[in-house]
Amino acid sequence: VKMTAQSSVDRENEAQNFIGQLRQWVLEHRASAEEESERAAGLPLRNRIEILGPLQESLFETGLSRHGWPEWAGGLGGDPLLRGVLYDELLGSGIQLPPPFELIEVIMPTLVQYQPDLAAEFLPLVLRGDGSACQGFSEPDAGSDLAALRTKATKAEDGYVIQGQKVWSTHGHVAEWCILLARTGTAESRHRGLTMFWVDLDTKGITRRPIECADGRDELAEIFFDNVFVPRSRVIGDEG
């Protein structure tokens, strides 16, 4: 119990120190960050990413966006909750988060836990803003029902060949990478027989089409995979 209490105190001290650093950064950069946020408001996604790119790069170079991520993956270590503190403090200060941050917490912890080599390679790029990632989960006939997933990954020499379609992929038309779920088992395997891949979206055989939302936002896309080769090194976790 004593160790747990001490750990809580350490975490609180760590958070307070981080908040102090972050608020100092906000104080020094508020004017330019607010100007960039205002310029980006209401613009197409690609333009917002470009305008808020310097903000994202500054957060990385000062180390603020690297807290809470493991050091072996390009982070600065510390409690993962520090990442939540970052988002809360920026938004509370009226500073718009760069669009890639909308998906970082969904995608990158998966790489950290299940494919450390890929995390070490790609997490710094995503945090700095040198590229972004999207999800390839939902499908026209599956939606969020992964048991009905049809996109197929067939074993090939040194990798897999992907055939299928994804839809409602947030940022799918502007991202450089996709964390993709495909079926390596039979259709009868339902929720089993699925394998996750890290896919370069400039690979031959991939076509992307943006989907315009009813309110005019352009944040979604459908992605088509036509005999797309993915190396075995891009498998996240185990097959199936």
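Above this text is the structure in question.
Keep in mind that this is a model prediction, so the values were computed, not measured.

1. Here's the deal with helix α6 (residues 116-128)
With 13 residues, α6 extends 18 Å between its outermost C-alpha atoms, agreeing within 8% with the 18 Å of an ideal straight helix rising 1.5 Å per residue. At Phe 122, α6 shows its largest bend, some 35°, and a proline, Pro 124, comes one to four positions later. Residues Leu 118, Ala 119, Phe 122, Leu 123, Pro 124, Val 126 and Leu 127 constitute the buried set of α6. Turning to α6, the residues buried within the fold contact α3 (53-61), α5 (101-114), β4 (177-183), β5 (194-200) and β8 (235-236). With its phi angle positive at about 100°, Gly 129 sits one or two positions after the end of α6.

2. Let's talk about the packing of α3 against α6
Orientation of α3 relative to α6, taken along the N-to-C sense of each, is 125°, at an axis distance of 7 Å. Compared by their axis directions, α3 and α6 come out oblique. Residues Gln 56, Glu 57, Phe 60 and Glu 61 of α3 pack against Pro 124, Val 126, Leu 127 and Arg 128 of α6. Among the residues forming the contact of α3 with α6, the class breakdown is four nonpolar, one polar and three charged.

Rules used throughout
Residues numbered from 1 in each chain as written. Predicted model: local features only at pLDDT ≥ 70, side-chain atom pairs only at ≥ 80, totals over all residues. Heavy atoms only, no water. Helix = DSSP H or I, 4+ residues; strand = E, 2+ residues; numbered from the N terminus. Expected span 1.5 Å × (residues − 1). Bend = angle between axes of the 7 residues up to and from the residue. Buried < 20%, exposed > 50% of the residue type's maximum accessible area, 1.4 Å probe, protein only. Contact = heavy atoms within 4.5 Å. Axes fitted to C-alpha atoms, helices over the stretch in contact; angles between N-to-C directions. Parallel < 35°, antiparallel > 145°, perpendicular 65-115°, else oblique. Nonpolar A, V, L, I, M, F, W, Y, C, P; charged D, E, K, R; others polar.

By themselves these figures say nothing about function.
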